[in-house]
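# Remarks on the overall topology
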Amino acid sequence: MTPKGRTDEASPSRPARVRLNRDHIVSAALVLIDADGLPKFSMRKLGAALGADPMAVYRHFTDQEALFDGIAEAIFDELDVASLPWDGTWQELAARYCHRLRDVLLRHPHAVTIFATRPVRSPASIDTGVAMINRLRDAGFAPDTALRMVRCLREYTLGHALSVAVLRLGAGARSRRPAPDAPDYNALAEAADATEPDDHFDLGLTAMLTGFTP
């Protein structure tokens, strides 16, 4: 005999509430953008991926732009700047930083524009900037010159990563380069056939680092 008001069948349990935090939300958003591209991203899709009401995200981020700020910070964290050669020469440090930034960005080609279009103001990013300026100052550069150098290197790396990402996402398929036996095959086409779209990064980086003098 069952107690009054109860049945032999178990009552359905309520679905467990999803516990969200900023890191989990950012990670899920970046996975979606990596998989589907930025134009297809929406807060509704993010909520579905999280198993939560999309409005729950707004308890952690004021709007989508704030979420994208968090994504940029997460991408920066992938650089693992602590493992850079801080005890090496400033040229080695700068080159390794640029290479690592490029490689991390190209792991997330759909998110390069997110990183490139907003300042990264996380404590880790600010600490890295301070350390970079101090390292260049120790090498004989004035702090304002050091900041200009860091900006040049960052912008060069971002521009390169963006160009390569666009090609990898399909723009290269629209190339109309003439064939070697075509009448309009010229010196530019011949040079293009002898290169790869992303093999000039070191050439430009070396030129910049060589040109910087205290």
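Shown above is the structure to which this text applies.
On a predicted model such as this, the values are computed, not experimentally measured, just so you know.

### Considerations on the overall build of the chain
- Each helix and strand counted, the chain has 9 helices and 0 strands in total.
- Listing each helix as α and each strand as β along the chain from the N terminus yields α-α-α-α-α-α-α-α-α.
- Across the 214 residues that make up the chain, the buried fraction comes to 35%.
- Put simply, the chain shows about 13,400 Å² of open surface, and 54% of that area lies on carbon and sulfur atoms.

### Brief notes about the packing of helix α6 (residues 123-138) against helix α7 (residues 143-168)
- Contact geometry of α6 with α7 gives a least axis separation of 9 Å together with a crossing angle of 120°. Relative to α7, α6 is oriented oblique. When the axes of α6 and α7 are compared, the crossing they make is right-handed. Taken together, the residues of α7 that come into contact with α6 (itself represented by M132, I133, L136 and R137) are P143, A146, L147, M149 and V150.
- When its residues are assigned to classes, the contact of α6 with α7 shows 8 nonpolar, no polar and 1 charged.

### A look at the nonpolar core
- One finds F41, L46, L67, I71, Y97 and F115 to be the most contacted residues of the largest nonpolar core, which totals 57 residues.
- Taken together, the elements giving at least two residues each to this core come down to α1 (22-36), α2 (43-50), α3 (64-77), α4 (90-107), α5 (112-116), α6, α7 and α9 (201-211).
- Residue contributions to this core peak at 10 residues, all from α4.
- Setting aside chain neighbours within four positions, we find Y97 in contact with F76, L79, V81, L84 and M132.

### What about the pattern of salt bridges?
- Applying the stated rule across the entire model yields 6 salt bridges.
- Residue D103 is joined to R102 by a salt bridge in which the shortest nitrogen-to-oxygen separation is 3.3 Å.
- A salt bridge links R168 to D198, with the nearest nitrogen and oxygen atoms 3.7 Å apart. Of this pair, R168 sits in helix α7 while D198 is found in the loop between α8 (187-193) and α9, placing the two residues 30 residues apart along the sequence.
- For D198, a relative accessible area of 32% gives the class partly exposed.
- Through salt bridges that share partners, E65, D69 and R118 make up one connected network.

### Comments concerning the side chain of S125
- Tracing the backbone through its elements, the reader meets S125 in helix α6.
- Reaching out from S125, the side chain makes a polar contact with the backbone oxygen of V120 at a distance of 3.0 Å.
- Residues contacting S125, with those up to four places away along its chain left out, are F76 and V120.

Thresholds applied
- Residues numbered from 1 in each chain as written.
- Predicted model: local features only at pLDDT ≥ 70, side-chain atom pairs only at ≥ 80, totals over all residues.
- Heavy atoms only, no water.
- Helix = DSSP H or I, 4+ residues; strand = E, 2+ residues; numbered from the N terminus.
- Buried < 20%, exposed > 50% of the residue type's maximum accessible area, 1.4 Å probe, protein only.
- Areas by Shrake-Rupley, 256 points an atom, 1.4 Å probe, with all protein chains shown as cover.
- Axes fitted to C-alpha atoms, helices over the stretch in contact; angles between N-to-C directions.
- Parallel < 35°, antiparallel > 145°, perpendicular 65-115°, else oblique.
- Left-handed = near helix turned anticlockwise from the far one by under 90°.
- Contact = heavy atoms within 4.5 Å.
- Nonpolar A, V, L, I, M, F, W, Y, C, P; charged D, E, K, R; others polar.
- Core = buried A, V, L, I, M, F, W, Y, C linked by side-chain atoms within 4.5 Å.
- Salt bridge = Lys/Arg side-chain N within 4 Å of Asp/Glu carboxyl O.
- Polar contact = N/O pair within 3.5 Å; in protein donor to acceptor, adjacent residues only side chain to side chain.

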